[in-house]
There are 2 protein chains.
Amino acid sequence: MVTRRDVARLAGTSPAVVSYVLNDGPRGVAPATRERVLHAVDQLGYRPNRIASSLRTNRTMTLGLVVPDNTNPYFAELARAIEDVAFAEGYTLLLGNATDRAERENAYIQAFLDRRVDGILLIPSHDSVAAAAELARTGTPWVLMDRLLDLDGVPAVVLSDNRQGGRLATEHLIGHGRRRIACISGPRDVRNTSERVMGWRDALAATPLDPDAAPLREVPFDRFAGYRAARDILTRHDEIDAIFVASDEQALGVMRALGELGRTCPRDIALVSFDGVAASLLTTPTLSTIRQPVAALARHAVARILTQREEEPAPVETIVLPVELVARGSCGCPDVSDGVDYLDTEHEPA
Amino acid sequence: MVTRRDVARLAGTSPAVVSYVLNDGPRGVAPATRERVLHAVDQLGYRPNRIASSLRTNRTMTLGLVVPDNTNPYFAELARAIEDVAFAEGYTLLLGNATDRAERENAYIQAFLDRRVDGILLIPSHDSVAAAAELARTGTPWVLMDRLLDLDGVPAVVLSDNRQGGRLATEHLIGHGRRRIACISGPRDVRNTSERVMGWRDALAATPLDPDAAPLREVPFDRFAGYRAARDILTRHDEIDAIFVASDEQALGVMRALGELGRTCPRDIALVSFDGVAASLLTTPTLSTIRQPVAALARHAVARILTQREEEPAPVETIVLPVELVARGSCGCPDVSDGVDYLDTEHEPA
DNA sequence: TTGTAGGCGTTATCAT
DNA sequence: ATGATAACGCCTACAA
């Protein structure tokens, strides 16, 4: 391994000077020396050892991200957005998949802490975070994403306006003349989900349906669960003419169920879901959905961590970003029927 | 920050002994002392600093993974499988999204090398890997995954039997009585793709179609490209009655195109695709596909890296794993039509 | 069985 | 402007 020493020797100077050149400071270096150093670095193919540097500076230029399930397209897209902004800031991302299990979530947080990451972004799998105390103890900057939590000492939360999204979706269905609107939502111990349900209830006030008696299923965030819930609702409640689904993933399963039950979307059952993942453009009909501002969420979360490093106080704050209804085919709006629109569609999250 | 020193002081012993206890060696510790140390560790909530440890031992217990696009479900599932086995071995995964760009792929490899990861798993975005030389120079264990490469000094490659897969898929379509079978494949500079095309050509020998003249489109690995290619083929070649699509992602776009063009799948156009991602279970009809052995690929790749660390010689090897045809609705086999099968389906990769 | 000390490759301070 | 040198926290060979 080639170290700074070797470079210094070849350039006829001292190791410290090599650092000054490579780090542009904290002290100046004579142009001639600088030149010799740069040349030696090049010749030897020297690359500073970031481990040693981290030990010394207490910075790893690494961020840790824990997601409930990387295989879920929404988290995949969010992770990618986060990685993009982290990369642009010179950071590398450690990734942890909790696979929806608390122990694993915890194990990852510990692993990240042990590796002295500069910050942790956490999308919690459940309503509580076992490692929260540990997190607070070490003083590592962290933010909670996507979901609220009943927890003291959370420095910051970055999420979408879930309630507003649920309301927008449901109101839009009402605008299409639907009055019997069911809801398929995520597990009850995930807070963003109950917010979406509240939005749905808010909007239901304008319909004959009793918000407290309307069909509601709280099931896991995957297609299979969505599929099952839809079959269950539709076989029991014949009057239903629309469903608000709390995630695109679940909506995919719902569409499959509609097909099997001989119901046509949107004619018999209209649908609006939540998230706005790329896959929502590929169903038939295309999925109307509440788009979450993925890129903006990522930007805020990373920015928050980075500033937290520098300044001292770190005021507690909750950042709620607005969502947007994307009306396509599944709600009854015109579908993108001839490839033209479809071809030109930019599906980069805003 | 609490260090080993603090623990030693509280336990009334020396820092070295603390290490011996925590690492189970290399020397024994008297039971009584061990007890006191463990107690002190617990009381202080001490966690060893892995940065310091890494500097000393030259091991980071971290692996780097570079994928072309984490948003592609196949890579997401593969990444997850890799992470699973790495985690089980006590390793944490650094994730790099190349977003299909060579500079970014390169930047990530460099970033991983600088962080002294214990090994790198690389799914190359293109036909060449700029950082290959660097990789060889540092001696960091690495494996190539998913795609072959014309490259000297690649220590190991782990991939599926792409050609066999292409053949299986096409032969199955022929078994359904199809004779005019087009192919939508990945970009030409991605090698696994051309293998799949070769398999398709192999099987075409049993049909009236001239393998060299049969409709073939080589387009990017995303739905939109698949969509466009399908429209293009179907509007030009009226005789086509089946398509072998080189990835599930592209097949999703193909299905959308079929719908828009008024062709029914599988009646008018039968489809078999490649990868076997979870999403292939949710289309209507469900997608017949060549399933890649994701978990096995992950196991082999990680195992290879881990053994490479320990032993010296590291013989060059190419590990080709067999694929499997999953016959569902899109090829003309019975679809999973009433939820029962569907509900019980285990879609965990084998 | 236990304590001491050298060194991993940096960074940054202190003299020169 | 530059050269030496003391940490950073841990591991382990060596001496006691």
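An unreviewed UniProt entry lists chain A under the name LacI family transcriptional regulator, with Jiangella asiatica given as the organism.

Caption draft 1: Main features of helix H1 (residues 4–11) of chain A. All names here are of chain A. Taken together, the buried positions of H1 are occupied by Val-7, Ala-8 and Ala-11. Looking straight down H1, one finds its buried side chains confined to an arc of 100 degrees; they lie on one side. In H1, those exposed residues whose orientation departs by more than 90 degrees from the buried face are Arg-5 and Arg-9. Turning to H1, the residues buried within the fold contact helix H2 (15–23) and helix H3 (31–44). Capping the start of H1, Thr-3 holds a side-chain oxygen 3.0 Å from the backbone nitrogen of Arg-5, two or three residues further along. Just beyond H1, the residue with positive phi is Gly-12, at close to 65 degrees.

Caption draft 2: Summary view of the sheet that holds strand E4 (residues 142–145) of chain A. Taken in spatial order, the twelve strands make up an open sheet running E11(A)-E5(A)-E4(A)-E3(A)-E1(A)-E2(A)-E2(B)-E1(B)-E3(B)-E4(B)-E5(B)-E11(B), and their pairing is mixed. Whereas interior strands pair on both sides, the edge strands pair on one side only; in this sheet they are strand E11 (317–321) of chain A together with strand E11 (317–321) of chain B. Averaged over all neighbouring strand pairs, the angle between strand axes comes to 20 degrees, with direction disregarded. The pairing of strand E3 (residues 119–122) of chain B with strand E4 (residues 142–145) of chain B spans three bridges and is parallel.

Caption draft 3: The arrangement of the interface of chain A and chain B in detail. Between chain A and chain B, the contact holds 67 residues from the first and 67 residues from the second. Where chain A abuts chain B, roughly 5900 Å² becomes buried across the two surfaces, and 53% of that area is made up of carbon and sulfur atoms. Linking chain A with chain B are eight salt bridges, by the criterion used here. Between Arg104(B) and Asp84(A) there is a salt bridge, with the nearest N and O atoms lying 2.9 Å from each other. Counting every contact that joins chain A to chain B gives 26 residue pairs in polar contact (both at pLDDT 80 or more). Secondary structure elements with two or more residues in the side of chain A that touches chain B: helix H4 (50–57), helix H5 (73–88), strand E2 (92–97), helix H6 (102–114), helix H7 (132–138), helix H10 (223–236), helix H11 (248–261) and helix H13 (340–344) of chain A.

Caption draft 4: Layout of helix H2 (residues 15–22) of chain B. Residue and element names in this part refer to chain B. Taken residue by residue, H2 has Val-17, Val-18, Ser-19, Tyr-20 and Val-21 as its buried positions. The elements touched by buried residues of H2 are helix H1 (4–11) and helix H3 (31–44). After H2 finishes, the residue Asp-24 shows a positive phi value of roughly 55 degrees.

Caption draft 5: Expanded view of the packing of H10(A) against H11(A). Residues and elements named next belong to chain A. One way to put it is that H10 packs onto H11 with a least axis distance of 7 Å and a crossing angle of 45 degrees. In this view, H10 runs oblique relative to H11, as classed from their interaxial angle. Read as a crossing pair, H10 and H11 show a hand that is right-handed. Contacts between H10 and H11 involve Arg-223, Gly-226, Tyr-227, Ala-230, Arg-231, Leu-234 and Thr-235 from the former and Glu-249, Gln-250, Leu-252, Gly-253, Val-254, Arg-256, Ala-257, Leu-258, Glu-260 and Leu-261 from the latter. The class makeup of the residues in the contact of H10 with H11 is eight nonpolar, four polar and five charged.

Rules behind the numbers
Residues numbered from 1 in each chain as written. Chains lettered and ligands numbered in written order. Predicted model: local features only at pLDDT ≥ 70, side-chain atom pairs only at ≥ 80, totals over all residues. Heavy atoms only, no water. Buried < 20%, exposed > 50% of the residue type's maximum accessible area, 1.4 Å probe, protein only. Helix = DSSP H or I, 4+ residues; strand = E, 2+ residues; numbered from the N terminus. Arc of directions from axis to C-beta. Contact = heavy atoms within 4.5 Å. Polar contact = N/O pair within 3.5 Å; in protein donor to acceptor, adjacent residues only side chain to side chain. Pairing = 2+ DSSP bridges. Axes fitted to C-alpha atoms, helices over the stretch in contact; angles between N-to-C directions. Buried area = accessible area lost by both parts, 1.4 Å probe. Salt bridge = Lys/Arg side-chain N within 4 Å of Asp/Glu carboxyl O. Parallel < 35°, antiparallel > 145°, perpendicular 65-115°, else oblique. Left-handed = near helix turned anticlockwise from the far one by under 90°. Nonpolar A, V, L, I, M, F, W, Y, C, P; charged D, E, K, R; others polar.

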